[in-house]
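Given next are the chains, with one letter for each unit.
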Amino acid sequence: MENYFRITAQLDNGTSFILDSHGMFEKLWEFSVYVKSKGASIIEATSSEQFIDINTQKEIQRYSDKLFLIACDPDPAKWIDYEYEGKKYKAIQVRDKIYIPRKE
């Protein structure tokens, strides 16, 4: 999906979230700058070509003016070991939502 990006970030109080953009930004770095300008620290940022959805879902419709909150937790995001199709990965978990940020 073109111009589809996902960022996992954390606020100073420890709240973490997964945020998707599909069409609001042309480049991943623009999305990252936007999230940082709101006071969040970036934990991970990637494009849709690179991540694997485990129990999250990409927003199919493109919107130039909307972001999609996939998950939010008052606690920090966790890096977890996750096996997918017989291969082990490092995945990110926020509340009950999990995705693998790099297919490598």
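Because the structure is a prediction, the values reported are computed rather than measured.

### A look at the sheet that holds strand E4 (residues 52–53)
The strands making up a sheet associate through backbone hydrogen bonding, with each pair oriented either parallel or antiparallel.
In step 1: Strand order in the open sheet formed by four strands is E4-E8-E7-E6, and the pairing between neighbours is antiparallel. In this open sheet, the two strands that pair with only one neighbour each are E4 and strand E6 (78–84).
In step 2: Bridge count for E4 against strand E8 (residues 97–100) is two bridges, and the pairing is antiparallel. Within the sheet, the bridge partner assigned to Asp53 lies in E8 and is Tyr99.

### Some words on the packing of aromatic side chains
In step 1: Scanning all chains against the criterion turns up five aromatic pairs.
In step 2: With a centroid separation of 6.4 Å and an interplanar angle of 50 degrees, the aromatic rings of Tyr4 and Phe51 are classed as tilted. With Tyr4 in strand E1 (residues 4–10) and Phe51 in the loop between strand E3 (41–47) and E4, this residue pair connects regions lying 47 residues apart in the sequence. Each of the two residues, Tyr4 as well as Phe51, counts as buried.
In step 3: Taking the centre distance of 5.2 Å and the plane angle of 20 degrees together, the rings of Phe25 and Phe31 count as stacked.
In step 4: Cluster of aromatic residues (ring-pair linked, three or more members): Tyr4, Phe51 and Tyr99.
In step 5: If you follow Arg6 out to its NZ or CZ, it ends over the ring of Tyr99, 4.8 Å from the centre.
In step 6: Above the ring of Phe51, the side-chain terminus of Lys58 is found at 5.0 Å from the ring centroid.

About the thresholds
- Residues numbered from 1 in each chain as written.
- Predicted model: local features only at pLDDT ≥ 70, side-chain atom pairs only at ≥ 80, totals over all residues.
- Heavy atoms only, no water.
- Pairing = 2+ DSSP bridges.
- Helix = DSSP H or I, 4+ residues; strand = E, 2+ residues; numbered from the N terminus.
- Phe/Tyr/Trp six-rings, centres within 6.5 Å; stacked < 30°, edge-to-face > 60°.
- Buried < 20%, exposed > 50% of the residue type's maximum accessible area, 1.4 Å probe, protein only.
- Lys NZ or Arg CZ within 6 Å of the ring centre and 35° of its normal.

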